[in-house]
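# Coordinate analysis (summary)
Take a look at the letters that make up each chain.
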Amino acid sequence: METNVEARPVIKVQAPAPVRDEMAQAAEQHEIKMTARDVNVYYGDKQALFDVSLDILDRSVTALIGPSGCGKSTFLRCLDRMNDVIEGCRVTGSITLDGQDVYAPQVDPVQLRARVGMVFQKPNPFPKSIFENVAYGPRIHGLIKTKADAEEVVVNSLTKAGLFEEVKDRLQESGTGLSGGQQQRLCIARAISVNPEVILMDEPCSALDPIATARIESLMDELKENYCIVIVTHSMQQAARVSQRTAFFHLGKLVEVDETAKIFTNPTDVRTQDYVTGRFG
Amino acid sequence: MSEAQTIGRRRPARELASLESNRRVRARYAADRRLQAYGIIAIGLAIGLLGILLASLIATGYPAFTQTKVNLEIYVDPAKVDPKDPAQGNFRAIVRDALVSNFPEATTDKQKTDLTKILTSDASYIVRDYVVRHPETVGQRVTLPIAVSDPFDQLYKGVIPKEVDALSWSQVEWFERLQNRGVVVAEGGRTNLKLDVYVDPARIESGPPPTGDFAAVARDSLQAYLPDVHDTLLFTMLADNAPDAIKQRLEADPSLIGKTVSIALPVSEPFEVLAKGGTPKVPNPRFTAAQIAAFDALAARGLVHATFNWELFFNADSRFPERAGLAGAIMGTFYMLIVCFALSFPIGIAAAVYLEEFAPKNRLTDLIEVNINNLAAVPSVVFGLLGLAVFLGFFGLPRSTPLVGGMVLSLVTLPTIIIATRAALKAVPPSIREAALGVGASKHQVMLHHVLPLAMPGILTGTIIGMAHALGETAPLLLIGMNAFIPSVESMGVLEPATTLPTQIFSWADSPERGFVSRTSAAILVLLGFLVVMNMVAIVLRHRFERKW
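These remarks concern the structure in this document. Computed from a prediction, not measured in an experiment: that's the story for all the values here.

We now examine the overall build of chain B. A tally of regular secondary structure across chain B gives 21 helices and ten strands. For 549 residues, the compact-globule estimate of 2.2 N^0.38 gives 24 Å, and the C-alpha radius of gyration of chain B, at 38 Å, exceeds that figure by more than 25%. Its C-alpha atoms give chain B principal-axis dimensions of about 125 × 100 × 50 Å. The 549 residues of chain B split such that 42% are buried. The long-range fraction of contacts in chain B, counting pairs at least 24 apart against all pairs at least 6 apart in sequence, stands at 75%. As displayed, chain B has an accessible area near 29300 Å², and 61% of this comes from carbon and sulfur atoms.

A few words now on the overall build of chain A. The number of helices and strands found in chain A is eleven helices and ten strands. A total of 281 residues make up chain A; the buried ones form 54% of that total. Excluding contacts between residues fewer than 6 apart, the proportion of contacts in chain A whose partners are at least 24 apart in sequence is 69%. Total accessible area on chain A is roughly 12300 Å²; 50% of this is exposed by carbon and sulfur atoms.

Taken together, the contacts link 22 residues of chain A with 19 residues of chain B. In this structure, the connection of chain A to chain B is made through one salt bridge. Residue Glu434(B) is joined to Arg77(A) by a salt bridge in which the shortest nitrogen-to-oxygen separation is 2.9 Å. Taken together, the connections running from chain A to chain B amount to six residue pairs in polar contact (both at pLDDT 80 or more). Residue assignment for the side of chain A that touches chain B shows that the elements contributing at least two residues are α3 (109–115), β6 (116–119) and α4 (130–140) of chain A. The residue inventory of the side of chain A that touches chain B, partitioned by class, reads twelve nonpolar, five polar and five charged.

Attention now moves to helix α5 (residues 147–160) of chain A. Residues and elements named next belong to chain A. Its 14 residues give α5 an end-to-end C-alpha distance of 20 Å, which sits within 8% of 20 Å, the value for a rise of 1.5 Å per residue. Buried within α5 we find Ala150, Val153, Val154, Ser157 and Leu158. Viewed end-on, α5 has its buried residues packed into an arc of 120 degrees, placing them on one side of the element. Opposite the packed face of α5, turned more than 90 degrees from it, sit the exposed residues Ala148 and Glu152. Glycine 162, located one to two residues past α5, shows a positive phi value of around 70 degrees.

Soluble globular proteins tend to bury their nonpolar side chains together. Residue and element names in this part refer to chain A. Residues Leu64, Phe75, Leu79 and Phe249 are the most contacted members of the largest nonpolar core, which totals 53 residues. Leave out the neighbours within four places in its chain, and phenylalanine 75 touches Ala36, Leu49, Val52, Leu54, Ile56, Leu64 and Phe249. Counting 47 residues, the second largest nonpolar core, distinct from the first, contains Val154, Ile192, Met201 and Ile263.

Quick look at the sheet that holds strand β1 (residues 66–75) of chain B now. All names here are of chain B. Taken together, three strands build an open sheet; the order of strands is β2-β1-β10 and the sheet is antiparallel. The sheet is open, and its two edges are formed by β2 (141–147) and β10 (304–308), each paired on a single side. Shown here is a sheet whose adjacent strand axes are inclined to one another by a mean of 40 degrees, direction ignored. Pairing analysis gives five bridges linking β1 to β10, with the strands arranged antiparallel. Counted as the bridge partner of lysine 69 is histidine 305 from β10. Contacts from helix α5 (residues 123–133) reach β1 and β2, with the element oriented near 135 degrees to β2.

Attention shifts here to the packing of aromatic side chains. All names here are of chain A. By the definition in use, this model includes 16 aromatic pairs over all chains. Judged by centre distance (5.4 Å) and plane angle (80 degrees), the ring pair of phenylalanine 126 and tyrosine 136 falls under edge-to-face. Residue phenylalanine 126 is located in the loop between β6 and α4, and its partner tyrosine 136 is located in helix α4; the two are separated by ten residues in the primary sequence. In terms of burial, phenylalanine 126 and tyrosine 136 fall into one category: buried.

Residue and element names in this part refer to chain A. Within this structure, the stated rule accounts for zero disulfides over all chains. Considering cysteine sulfurs only, cysteine 78 is the nearest to cysteine 70, which forms no disulfide, with 13 Å between them. Judged by relative accessible area, cysteine 70 falls into the buried class, the value being 1%.

Okay, the pattern of salt bridges next. All names here are of chain A. According to the stated counting rule, one finds 37 salt bridges over all chains in the structure shown. The salt bridge involving aspartate 55 is made with arginine 37; its shortest N-O contact spans 2.8 Å. Here aspartate 55, found in strand β2 (residues 46–57), pairs with arginine 37, found in strand β1 (residues 32–43); they are 18 residues apart in sequence, far enough to count as distant. Judged by relative accessible area, which is 21%, aspartate 55 ranks as partly exposed.

Turning our attention to a nonpolar patch on the surface. All names here are of chain B. A cluster of nonpolar residues, Leu35, Tyr38, Ile41 and Leu45, forms a patch on the protein surface that exposes about 480 Å² of accessible area. Summarising the element assignment, leucine 35 is placed in helix α2 (residues 19–61). Classification of leucine 35 by relative accessible area gives exposed; the value is 62%.

Let us look at helix α6 (residues 150–157) of chain B. Those residues of α6(B) that sit buried are Asp150(B), Phe152(B), Asp153(B), Gln154(B) and Leu155(B). Summarising the contacts, the buried residues of α6(B) are in contact with β1, α11 (289–300) and α21 (515–545) of chain B.

Glancing now at the packing of helix α3 (residues 91–100) of chain B against helix α4 (residues 109–116) of chain B. Residues and elements named next belong to chain B. With their axes 10 Å apart at the nearest point, α3 and α4 run at an angle of 95 degrees to one another. In terms of orientation, α3 lies roughly perpendicular with respect to α4. In this structure, α3 uses Arg96, Leu99 and Val100 to contact α4, whose residues at the interface are Asp109, Lys112, Thr113, Leu115 and Thr116.

Each value, and the rule that gives it
- Residues numbered from 1 in each chain as written.
- Chains lettered and ligands numbered in written order.
- Predicted model: local features only at pLDDT ≥ 70, side-chain atom pairs only at ≥ 80, totals over all residues.
- Heavy atoms only, no water.
- Helix = DSSP H or I, 4+ residues; strand = E, 2+ residues; numbered from the N terminus.
- Rg over C-alpha atoms; globule rule 2.2 N^0.38 Å.
- Buried < 20%, exposed > 50% of the residue type's maximum accessible area, 1.4 Å probe, protein only.
- Contact = heavy atoms within 4.5 Å.
- Areas by Shrake-Rupley, 256 points an atom, 1.4 Å probe, with all protein chains shown as cover.
- Salt bridge = Lys/Arg side-chain N within 4 Å of Asp/Glu carboxyl O.
- Polar contact = N/O pair within 3.5 Å; in protein donor to acceptor, adjacent residues only side chain to side chain.
- Nonpolar A, V, L, I, M, F, W, Y, C, P; charged D, E, K, R; others polar.
- Expected span 1.5 Å × (residues − 1).
- Arc of directions from axis to C-beta.
- Core = buried A, V, L, I, M, F, W, Y, C linked by side-chain atoms within 4.5 Å.
- Pairing = 2+ DSSP bridges.
- Axes fitted to C-alpha atoms, helices over the stretch in contact; angles between N-to-C directions.
- Phe/Tyr/Trp six-rings, centres within 6.5 Å; stacked < 30°, edge-to-face > 60°.
- Disulfide = S-S within 2.5 Å.
- Patch = residues over 30% accessible without salt bridge, like charges linked within 9 Å, V, L, I, M, F, W, Y side chains within 5 Å.
- Parallel < 35°, antiparallel > 145°, perpendicular 65-115°, else oblique.

In C-alpha cells form, the structure reads like this:
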C-alpha cells in the first residue's frame, strides 16, 4: 500500500476511495485465515452476540466498528478464547483458524493464544523490564532456550514494533516507565514475540494521543504484510485509514461486512449508512 | 424581574454574597470545623492514652534495665574445689567465705548466713560457671561481679527505702482524734495521754499492794475513747510502761479501785515522734541492721555498682528476679513464630489463591468464605481450647512445646493471612492477567509469574500483621501450657517445653517479688519493641516490593 507512512495525514475523515477493481483483486489474493459461523455468545442469561458469521482475511487489517455494547469486543475475544476466563460466558457456533475449530475440546487456549496474539485497549506492560516483557511469551512457550535466543527474539520483536531504536539503551528498565504510545508498541512487540499468525487489537489507540496513534497505525500498516490483524475501533476515521475490510456490528448482530471503501461510501444496509454518516452512534 | 428575563436582555447581576447565603456558608464552615475538631480530639485522646501507657511502662520498667552487683574478691579454695572436676565444688561455702571475710565482726553461723542474703541465692552457680569455664583459677583469687539479691537491688536503686513509716494511716488518724479531744498532753518533754481510767475491780485486786492486769485496764480506758475502733493496733499507742503509771497511782491510793480516775499514760516511741511533728520511721523489716551496715560498708568501699542488665536478655527465667531474664521467652517465641509462619503462610496463600482464582462460585464456597471471615473474629482462647482438645488430647502431641503453640497460633493468624492475601490478589489490576493470558500463559503461570509477585507486598504486610498478632497472644498459649518455667535455653527446641514473651510477662506479673514488678514492665517494653520492629519490617517490605503499573 502506501510506503511513506509517516507522510500520511494524521486526521483524515475518509480514506480516498480506491478503484473498485484493485480492492477486489487484493481480496482474492488474500486467503481466508479465520472464519466465524453462527457464533452466539451468552453472558449468563444475556445474549451478547447473535449468529455472527464472518471471514477474516490473512495479511490484511479487518476493522470491527459499531456503537458501544454492540458486541464487537466480545467477538474479538472469542477469536482467541479470552472469553473463557469470564465466568458464565458461553459460546456456540464455530470459529476456525486455518480450518481448525478453535473451540474443539482438544485445543488448549494456551496453544491457541500462541498463534493469536492480543493487544488491549489500555497499554498493559508487565511491571518488569522491557526485555522481560518481550521475552516472557517466547520463554513460556519454549521458543527460546538460551540467552542469545532471547536477545534475538527481543531485538526482532522490538524492531518490528518500531520501538527498538527508542529503547535499545534501556532494555533493563521497567516497561511501565515508558510513555503511553511506547507502552502500547511494547505490548505489540510482546504480542508478536511468540510469532503469532493473527493479532487482535481491542481499541489499541483509545488511550493514546494523535501522534502516538499515528505511529501505531503506520505500524499496523507494516505488520499487515505478515500478519492477519483484527482491530476493534470506535474511530471510523481510523477504521477507514488502516483497514481493508470493515465489519459493522449493531446490537449484537453483524449488520454488514465488506471492503472498507464500500462500507464508508456505499453501504448496503441503512443502519450502516446511518452510523458511518454520524446519524447515530 | 420580569424585564430581566426577557430574551435579549442581560440578567441583572445577582449578589454573590447575599445575607441568606452568607449564613449558609458560615454554618457549613462551622460544621467543617466541628468535624475537624472531633477528629483532633479523638487523635489527641488516642495519643494521650498511648503516651500514658508508655510513660507508666517506662517509669516502672526502667530499673530492670540495670542490675546492682558487688565486685567480690573470691578465693577459689582448692580444698573445696577439685581442679579435675570443678563443677562439683562446694561453691556455696566459697561465696560465703568470700563475702564474710570482708566482715570479721560476723562470727556465728547465723550472722554469716544473714550476710550471705545480701548476694543472690544463685551466687554459687555464677562462681561455679566461671570456674568451670576457667579451671586455671582454682587456688587463685578472682574478682567477680555478683548480683545482689532482689531487696538490696531495689534498695540500691531507691525503689524501696531503708526505713519505712512506723505508723499506718489509721494509727495517725486515731492519734489525731485523741489530740482533737485534748487528751494528748506534753509534760516534761514526754507526751502522755491523760485518760479517765476506770479501775475495774474485776481486774485489780486491792492488795496491798494492788495486783492484777494493769495493761488491760489501760487498754480498756483507751478503747473507751475510741469505741468505734476494733483493732488491736490501737494499743500500740501506749508505751510499755503505761500500765506502771496506773499501778503506781493505785499503790499510792488503793481506794481508787472501782472508781474512775484521770491518769497520764505515756505514749509509745513512734507516737512521741508524731506528737512532736515528725514522721516516725522504723528500719525496713526486709533487712536486718547487720545486713544494712554490711551493704553500706561494701558500697562505701566502691564495690557496689549498677551496670546495664544484659542478663535481662541473655539469662533464662529464674525464681530470683535478679537472675531472671527473657532469653528463654525470646527463644520460645522465635521457635513458635517459625512454626506458625511455616504453617500459616503457605496454607493461607494456597487457600486464598484457590478461593480467589479457582473456586467456582457456589453455596459451598460462599459458606467457606463467610466462615473464614467469622474465624477472624473468634476469641483466641477458643483456639487454645481447640489446640488442647485436638493437638494435645487427640493427637497426643507434646504439650508446652513451640510446635503445638505455633499450630494453635497459625489457627489464629490464618484468617488474617487469607483475608489479606485475597484483598491483595483482588487489587492486582485485571489488565495484568489479561496481558499474561494474551501471550498464552496458563492459569498457574498467570498466577505464579504475575499476580502473586504483584500481590506479595500486600500478602507480606498481612502476614506480618498476623504474626504480630500471634506474638502478643497469651490466652491460647496458657491453655496448652506454654508458660513453662525455663531456667536454661540450652535444652530448648521445637519439641521441648517452652515459654513465650507474653506468657513470661503473665508469670512475672503473678510473682510476688518486688523485682518482678519492674521486670514485668521491662518485658512488656521488649515485647513492644519486637512488635515495632515487625511492623517496620512490614512497612519496609511493602515499599521495597511496591510496583507501579
